[in-house]
Amino acid sequence: QVQLVESGGGLVQPGGSLRLSCAASRSWSTMNTMGWYRQAPGKQRELVARITRFDRTDYADSVRGRATISRDNAKNTVYLQLNTLKPEDTAVYYCNVVDSQSRDFWGQGTQVTVSS
């Protein structure tokens, strides 16, 4: 089992920035991928960004150029930096990891609201 604890969400004005953090109860060295998904009201959960154990990164088209995913192995934490936020970025953001046995684990989610 892996416990994931997200933080960093909140209310942000359009054009603003925030950084989400996801701390894991196990070492990142046991994970294949670490990523962030989001789900807006009435919509399906979608990938925002992910990073592999080899540091390959993938981004959704909607955030490419505005988002950066990174990790701190010493802290077992993955970060998502979001810039130039738009109202359509409003969603619950979930941390996800896939371990070396291809098992999925999810955090509880953190709300991001972009509004003036």
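Residues numbered from 1 in each chain as written. Predicted model: local features only at pLDDT ≥ 70, side-chain atom pairs only at ≥ 80, totals over all residues. Heavy atoms only, no water.

(A) Inspection of the packing of aromatic side chains at higher detail. All told, the structure shown has one aromatic pair when counted by the stated rule. Measuring from centroid to centroid gives 5.1 Å for Tyr37 and Trp106, while their planes differ by 65 degrees, and the two rings are edge-to-face. Here Trp106 lies in strand S10 (residues 104-106) and Tyr37 lies in strand S4 (residues 31-39), a separation of 69 residues in the sequence. The lysine or arginine in question, Arg19, covers the ring of Tyr79, its NZ or CZ lying 4.2 Å from the ring centre. Lying over the aromatic face of Trp106, Arg45 brings its terminal NZ or CZ to 4.6 Å of the ring centre. (Phe/Tyr/Trp six-rings, centres within 6.5 Å; stacked < 30°, edge-to-face > 60°. Helix = DSSP H or I, 4+ residues; strand = E, 2+ residues; numbered from the N terminus. Lys NZ or Arg CZ within 6 Å of the ring centre and 35° of its normal.)

(B) Layout of the nonpolar core. Core analysis: the biggest nonpolar cluster contains 31 residues, and Leu4, Trp36, Val78, Leu80 and Tyr93 have the highest contact counts within it. Secondary-structure elements contributing two or more residues to this core are strand S3 (18-24), S4, strand S5 (46-52), strand S7 (67-72), strand S8 (77-82), strand S9 (91-99) and strand S11 (110-114). Among residues more than four places away in sequence, those in contact with Val78 are Leu20, Ser21, Cys22, Trp28, Met34, Trp36, Ile51, Ile69, Ser70, Arg71 and Cys95. (Core = buried A, V, L, I, M, F, W, Y, C linked by side-chain atoms within 4.5 Å. Buried < 20%, exposed > 50% of the residue type's maximum accessible area, 1.4 Å probe, protein only. Contact = heavy atoms within 4.5 Å.)

(C) Spatial organisation of the sheet that holds S7. Within the open sheet, the four strands sit side by side as S1-S3-S8-S7. Their pairing is antiparallel. A strand with exactly one partner marks an edge of an open sheet, and here the two such strands are strand S1 (4-7) and S7. Each adjacent strand pair in this sheet contributes to an overall mean axis angle of 15 degrees, direction not counted. With six bridges connecting them, S7 and S8 associate as antiparallel partners. Within S8, the position partnered with Arg71 by the bridge is Val78. (Pairing = 2+ DSSP bridges. Axes fitted to C-alpha atoms, helices over the stretch in contact; angles between N-to-C directions.)

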